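Now for the letters of each chain:
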Amino acid sequence: FRSVKVVQASGVLAGKVVTKVTSAQYHSCALAQGTVYCWGRNQSGQLGDSTNTDSNVPVVVGGALTSLTVTDIATTGDTSCAIANSKIYCWGQNNKGTLGDGTTTPSNTPKLVSTTNLGGSYVATKLATSGSRSSNMCAIADDKAWCWGNNEAGQIGNNTSGSTNILTPTKVTDTGVLSGKTVTAISQDGYYNGSPAYTHVCAVASGSVYCWGENNAGQLGRSTVNPTRTTDSLVPVAVYAGGVLSGKTVVDVAVGLQHSCARTSENKVYCWGNNGSGQVGDASNTTRYVPVAVDTTGGLSGQSVIAIGGGANRGCAITEGYQSFCWGLNTEGQ
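Attention now moves to the overall build of the protein chain. Secondary structure summary: the protein chain contains zero helices and 24 strands in total. Computed over the C-alpha atoms, the radius of gyration of the protein chain is 19 Å, within 12% of the 20 Å expected from 2.2 N^0.38 for a compact globule of 334 residues. The principal-axis extents of the C-alpha atoms in the protein chain amount to approximately 50 × 40 × 35 Å. Counting the 334 residues in the protein chain, one finds 51% classified as buried. Of all intrachain contacts in the protein chain linking residues separated by at least 6 positions in sequence, the fraction that spans at least 24 positions is 49%. Approximately 13300 Å² of the protein chain is accessible, and the part contributed by carbon and sulfur atoms is 47%. Between the mean site of the 20 positive side-chain charges and the mean site of the 18 negative ones, the protein chain shows a separation of 3 Å.

Here you go:
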């Protein structure tokens, strides 16, 4: 029930500066000085070291990434992904098409995603901050949102849904509310093995936030009234921009299992969706169908938030003073 330091003083991370960490259900990865290191379970090759052997210390991700400079990483389920030289590579489990290579075959080394839809000259800039069990992945490429993998809840955002997995990166519909907009942040989370599938995606574009997929608890933030407030969407819809978000510019988004949070340019946090464990952070357990301000009467009082993160039933924030604050479910000390 406390944080511990990942083995660094000795081993492959010795002396290296870690700039990003991402965790999935049973494994984690870190980005340090352009190289990816992973640890944890490896039955599907999600550690990317050409083996299927678990590791309780970081190992170097090799294969196609060996001589490349990695700029971003993400994990979901038993799959890991990275951006290197502006291209997307994935490795690990692939039964839902999460590797994006047009197959359902797992790989214990990084593989390039298919360029069937992206085109060979695409430039990828960000991977979705990702949930632990959603078995799909999203990215920003050429200023647009792209998703692939599981699509049970319509989380690919291309106006389709169902049991047919999307095996290659597919552009999220940009002829509606995203028309002409530049996507700058993206996040997804969920749990695919259930009914409903509990998976949704949110993105920031031109200063506003848009979401798609499952909406049973108001995680899309569409409206305060029925039926829209709990209506799923197969394409992006605008999160309600009145109320606490009125006049504000959104710069980042973090998605949890059935809730979402956004950070604005004023470095404040606003959340919406399922709140049974307090994951919306407004000092209540009331489901919120549109954004509400995260409570700032406690630890966040007077704090300026520079980064946010989601989780299955929780939210977290990092402040300018490099302190971490979390709220929501805590049954396992999370």
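This paragraph deals with the state of the cysteines. By definition, a disulfide is the covalent link that joins the sulfur atoms of two cysteine residues. Tallying each qualifying case throughout the model produces six disulfides. One disulfide in the model links cysteine 202 with cysteine 211; its S-S distance is 2.1 Å. Sign of the S-S torsion, about 105 degrees for the bond between cysteine 202 and cysteine 211, identifies this disulfide as right-handed. Each bonded cysteine of the protein chain is numbered by sequence order, and under that numbering the disulfide pairs are 1-2, 3-4, 5-6, 7-8, 9-10, 11-12.

The next subject is the packing of aromatic side chains. Under the criterion given, the structure shown has zero aromatic pairs. Above the face of the tyrosine 122 ring, lysine 87 is positioned so that its terminal group lies 4.2 Å from the ring centre. A cation over an aromatic ring shows up here: arginine 229 above the ring of tyrosine 289, its NZ or CZ 4.0 Å from the ring centre.

This part takes up the sheet that holds strand 14 (residues 183-189). The strand order across the open sheet formed by five strands is 10-14-15-16-17, and the pairing between neighbours is mixed. Two strands bound the open sheet, and with one partner strand each, they are strand 10 (129-130) and strand 17 (233-238).

In this structure, the amide linkage connecting asparagine 226 to the following residue, proline 227, adopts the cis form with an omega of 0 degrees. When you line up the elements, proline 227 lands in the loop between strand 16 (208-213) and strand 17. Backbone geometry at serine 86 places phi at a positive 70 degrees, although glycine is not the residue there. Structurally, serine 86 can be placed in the loop between strand 6 (79-84) and strand 7 (87-92). A relative accessible area of 28% places serine 86 in the partly exposed class. Not every positive phi belongs to a glycine, and serine 135 is a case in point at roughly 55 degrees. We classify serine 135 as buried; its relative accessible area is 9%.

Here the focus is the side chain of asparagine 165. In this fold, asparagine 165 is placed in the loop between strand 12 (144-149) and strand 13 (166-171). Exposure remark for asparagine 165: the relative accessible area of 18% places this residue in the buried category.

What follows concerns the sheet that holds strand 22 (residues 305-310). One open sheet holds the three strands; their spatial order is 22-23-24, and the pairing between them is antiparallel. The open sheet is flanked by strand 22 and strand 24 (324-328), the only strands paired with a single partner. Here the strands of the sheet are splayed against their neighbours by 20 degrees on average, with no regard to which way each runs. The sheet contact formed by strand 23 (residues 314-319) and strand 24 spans five bridges and is antiparallel.

What counts and what doesn't
Residues numbered from 1 in each chain as written. Predicted model: local features only at pLDDT ≥ 70, side-chain atom pairs only at ≥ 80, totals over all residues. Heavy atoms only, no water. Helix = DSSP H or I, 4+ residues; strand = E, 2+ residues; numbered from the N terminus. Rg over C-alpha atoms; globule rule 2.2 N^0.38 Å. Buried < 20%, exposed > 50% of the residue type's maximum accessible area, 1.4 Å probe, protein only. Contact = heavy atoms within 4.5 Å. Areas by Shrake-Rupley, 256 points an atom, 1.4 Å probe, with all protein chains shown as cover. Lys, Arg positive; Asp, Glu negative; His and termini not counted. Charge placed at Lys NZ, Arg CZ, Asp CG, Glu CD. Disulfide = S-S within 2.5 Å. Phe/Tyr/Trp six-rings, centres within 6.5 Å; stacked < 30°, edge-to-face > 60°. Lys NZ or Arg CZ within 6 Å of the ring centre and 35° of its normal. Pairing = 2+ DSSP bridges. Axes fitted to C-alpha atoms, helices over the stretch in contact; angles between N-to-C directions.

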